[in-house]
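Descriptive analysis of the structure
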Amino acid sequence: MPLRGGECPLGKFELEPHAGAYTADPVEACLYCNFADTSPEGFDLEKICQCPADISWNEYDQLRKSYSLTSGDRTRQGFWEFVGKNYKSDAK
């Protein structure tokens, strides 16, 4: 599960436990995220977020820049595959 307790791994939003609301709109935050799978019906963050749970914003930014330099069509699925091959998780 990519989300950590309702929090975006990249810090785009988190769940305020006392308020019961998000600090930012997850729909808006995920809409243009390269890790968002927007194909599922409805808005289920558990299914939409394809982000590695332990990735930092800096690591994401470096991978995004590296991927933009690759040749061929650039797609979200291609980015996920690129991250799968090039991201070195601390958990591995």
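Residues numbered from 1 in each chain as written. Predicted model: local features only at pLDDT ≥ 70, side-chain atom pairs only at ≥ 80, totals over all residues. Heavy atoms only, no water.

What to know about the nonpolar core
One recurring pattern in soluble globular proteins is that nonpolar side chains are buried together. Applicable threshold: Residue types Ala, Val, Leu, Ile, Met, Phe, Trp, Tyr and Cys, when buried and joined through side-chain atoms within 4.5 Å, form a set referred to as a nonpolar core. Think of it in three bands: with a 1.4 Å probe and only protein chains considered, a residue is buried below 20% of the maximum accessible area for its type, exposed above 50%, and partly exposed in between. Note on conventions: DSSP H or I runs of at least 4 residues are helices, E runs of at least 2 residues are strands, and numbering of each starts at the N terminus. Only heavy atoms matter for contacts: two residues are in contact if any of them lie within 4.5 Å across the pair.
Counting 21 residues, the largest nonpolar core has L10, F35, I55, L63 and F79 as the members making the most contacts within it. Broken down by secondary-structure element, the contributors of at least two residues to this core are α1 (26–31), α2 (45–48), α3 (57–68) and α4 (76–86). The greatest single-element share of this core, amounting to four residues, is contributed by α4. Excluding residues within four positions of it along the chain, F35 makes contact with L10, I48, C49, Q50, C51, P52, I55, Y60, F79, W80 and V83.

So, the packing of aromatic side chains
Quick reminder of the rule: Any pair of Phe, Tyr and Trp rings, taking the six-membered ring for Trp, is counted once the centres come within 6.5 Å. Such a pair is stacked with planes under 30 degrees apart, edge-to-face with planes over 60 apart, and tilted for the rest.
Enumeration according to the criterion identifies seven aromatic pairs in this entry. Ring geometry for Y67 and F82: centres 5.3 Å apart, planes at 50 degrees, overall tilted. Here Y67, found in helix α3, pairs with F82, found in helix α4; they are 15 residues apart in sequence, far enough to count as distant.

Observations regarding α3
Stated formally: In a helix, the anticipated span is given by 1.5 Å times the number of residues less one. Picture the helix axis, draw a direction to every C-beta atom, and the arc is the one those directions span.
The end-to-end C-alpha distance of α3, which contains 12 residues, comes to 16 Å, matching closely the 16 Å that a straight helix rising 1.5 Å per residue would cover. Residues of α3 that are buried include every one of Y60, D61, L63 and Y67, and no others. Angular distribution of buried residues about the axis of α3 spans 165 degrees; they occupy a single face of the element. Here the buried face of α3 lies against α4.

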